[in-house]
Amino acid sequence: MEFLGSIERFFAELYPHRWPILILVFLALTGAAGLGYRRGWHQVLWRHRVGLAIVGTPGLAAAVAIGLWLGLPLFTNTTVNEEFPFAETAVVPPSMTMADVEMIMEGMSRMDQPVQEPMPDSMADYLSDVMPDAMLDVMPESGVAATPAATAGGEVAPTAAVATSAPAGPLALKSGSFRDADSFHRGSGRATIYQTPDGAHLLRLEDFQTTNGPELHVVLSQSPNPQSSAEVKSPGYLDLGKLKGNIGNQNYPIPNGTDVGAQMSVVIYCKPFSVVFSVASLSAG
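Quick caveat: nothing in here was measured; it's all calculated off a predicted structure.

## Some remarks on the overall build of the protein
What the protein contains, in helices and strands, is eight helices and 12 strands. By the burial criterion, 35% of the 285 residues in the protein qualify as buried. Total accessible area computed for the protein in this model is approximately 16900 Å², and 63% of it derives from carbon and sulfur atoms.

Written as structure tokens, this is what we have:
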């Protein structure tokens, strides 16, 4: 399949010049048909039409089937949108939607450092007015705590403070943005590796989009910027399975025991042709 991959990459390099090439091909085919007609080639083909049909029909059917398998994905899109998995078990208040919960949970997952800082009175008043119950239903019980503060008269009054403990939810360990592999194989969106409170790991693709292709796979590579099959499959790489869709937000569980710290990139990889479609280099935080 490496040979087929070389052919695919060759045509990918020609893709920016596709319109002039198509015009030249059309003119060449038209000229060949005219030349054959003047020389009577069509009469020869007609006399041997039965034999040509017997030989050519199976070959044509096989060529069409292979062409559809390889080429049809390039002209179709598959959208798969999955919820942020750690928000599925949250209690959704009437005043909020699941999208709001997912946004809060994803934001909390990126709080990798504990914060201990008094909250300004104006912010505390805002939170108590805008979402007194919604945030408490979604955030952990330690999310907001009351701490005493002295008033002008010497009395102690409660003021809101940010919790001193780390969020009891998923933690974003590594993330990176997808980029184009070349002018034909394009990709965008973000890849993030999360760690759950129980120590499990999960890869999430967000606002993701890539050029579609036959049997695309999601691969974790220890190369920071793989551009060839050999670099993608460097020692320690991990295939997370087939890409669920070339558009959307998707989750891919990472097997237990995987050395996440050693994985340096997420690769959208065409397995039949050994071609890189898009890469997201990962960085901590």
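## Some thoughts on the pattern of salt bridges
Tallying each qualifying case throughout the model produces three salt bridges. We note a salt bridge from glutamate 206 to arginine 204, for which the minimum N-O separation is 3.4 Å. The residues glutamate 206 and arginine 204 share a single accessibility class, namely buried.

## Some remarks on unusual backbone geometry
Despite not being glycine, glutamate 215 has its phi angle at roughly 50°, a positive value. Mapped onto the elements of the fold, glutamate 215 is located in the loop between strand S6 (201–210) and strand S7 (216–221). Phi is positive for serine 274, close to 55°, though the residue is something other than glycine. Among the structural elements, serine 274 can be located in the loop between strand S10 (265–270) and strand S11 (275–281). Among the residues examined, serine 274 registers a relative accessible area of 8% and is labelled buried.

## A word on the packing of aromatic side chains
By the definition in use, this model includes two aromatic pairs. Note on phenylalanine 84 and tyrosine 194: the rings are 5.1 Å apart at their centroids and 75° apart in plane angle, and the pair reads as edge-to-face. Of the two residues, phenylalanine 84 is situated in the loop between strand S1 (79–81) and helix H5 (98–109) and tyrosine 194 in strand S5 (residues 187–195); the sequence distance between them amounts to 110 residues. Residue tyrosine 194 is classed as buried on the basis of its relative accessible area, which comes to 0%. In this structure, lysine 244 is placed above the aromatic ring of tyrosine 252, and the distance from its NZ or CZ to the ring centre is 4.8 Å.

## Description of the confidence of the model for the protein
Averaged over the protein, the pLDDT score is 75; the fraction of residues at 70 or greater is 61%. Ignoring residues within four places in sequence, the model shows residues 112–116, a span with pLDDT below 50, making seven contacts including any to other chains.

## Description of the nonpolar core
In this structure, Leu203 and Val266 are the most contacted members of the largest nonpolar core, which totals 23 residues. Of all the secondary-structure elements, those providing two or more residues to this core are S5, S6, S7, strand S8 (238–242), strand S9 (247–254), S10 and S11. Once you skip the residues sitting within four places of it in the chain, valine 266 turns out to touch Phe178, Ala191, Leu203, Val218, Val219, Leu220, Ser278, Val279, Ala280 and Leu282. Counting six residues, the second-largest nonpolar core is a separate cluster that includes Val219, Val267, Tyr269 and Val279.

## Side note on a nonpolar patch on the surface
Together, Ile23, Leu24, Phe26 and Leu27 make up an exposed nonpolar region whose accessible area comes to about 460 Å². With respect to the element layout, phenylalanine 26 can be found in helix H2 (residues 18–38).

## Describing the environment of cysteine 270
Turning to its location among the elements, cysteine 270 is positioned in strand S10. As for cysteine 270 and valine 218, which are separated by 52 residues in sequence, their C-alpha atoms are 9.1 Å apart. Ignoring any residue separated from it by four or fewer positions in sequence, one finds cysteine 270 in contact with Pro214, Glu215, Leu216, Val275 and Phe277.

## Notes on the side chain of threonine 210
Its location among the elements puts threonine 210 in strand S6. Taking the relative accessible area as the measure of exposure, threonine 210 reaches 5% and is therefore buried. Discounting chain neighbours no more than four positions away, the residues touching threonine 210 are Arg186, Gly187, Leu216, Leu243, Asn246, Ile268, Phe277 and Ser278.

## Points about the pairing of S5
Along any regular strand the residues' side chains alternate between the sheet's two faces. Here six bridges tie strand S4 (residues 171–180) to S5, and the two strands are oriented antiparallel to one another. From the neighbouring strand, serine 175 faces S5, where its bridge partner is threonine 192. Following S4, the chain reverses through six residues before pairing antiparallel with S5. Bridge count between S5 and S6: eight bridges; the pairing is antiparallel. When the sheet's bridge partners are listed, glutamine 195 is paired in S6 with histidine 201. Counted between consecutive antiparallel strands, the loop separating S5 from S6 contains five residues, among which glycine 199 sits at a positive phi close to 95°.

Rules and cut-offs
Throughout, a residue's number is its position along its own chain's written sequence, starting from 1. Totals for whole chains, interfaces and linings use all residues, but because this is a predicted model, local features are given only for residues with pLDDT of at least 70 and pairs of side-chain atoms are given and counted only at 80 or more. Just so you know, side-chain values use all the structure's heavy atoms and leave hydrogens and water out. Numbered from the N terminus, helices here are DSSP runs of H or I no shorter than four residues, and strands are runs of E no shorter than two. We call a residue buried when its accessible area falls under 20% of the maximum for its residue type, exposed when it is over 50%, and partly exposed in between, using a 1.4 Å probe and counting protein chains only. In this description, accessible areas are obtained by the Shrake-Rupley approach with a 1.4 Å probe, and a residue is regarded as covered only by the protein chains that are shown. Any carboxyl oxygen of Asp or Glu within 4 Å of a side-chain nitrogen of Lys or Arg constitutes a salt bridge here. What counts as a ring pair is set by centres within 6.5 Å for rings of Phe, Tyr and Trp (its six-membered ring), and what kind of pair is set by the plane angle: stacked under 30 degrees, edge-to-face over 60, tilted for all other angles. Throughout this description, the term charge over a ring refers to an Arg CZ or Lys NZ atom that lies within 6 Å of the ring centre and within 35 degrees of the ring normal. Known as pLDDT, the predictor's per-residue confidence is scaled from 0 to 100. Note on definitions: a residue-residue contact is assigned when non-hydrogen atoms from the two residues lie within 4.5 Å. Here, nonpolar core refers to any group of buried Ala, Val, Leu, Ile, Met, Phe, Trp, Tyr and Cys residues whose side-chain atoms link them within 4.5 Å. Patch construction takes residues with relative accessible area above 30% that form no salt bridge. Like charges are linked within 9 Å, and nonpolar side chains (Val, Leu, Ile, Met, Phe, Trp, Tyr) are linked within 5 Å. DSSP bridges decide pairing: two strands pair if at least two such bridges lie between them.

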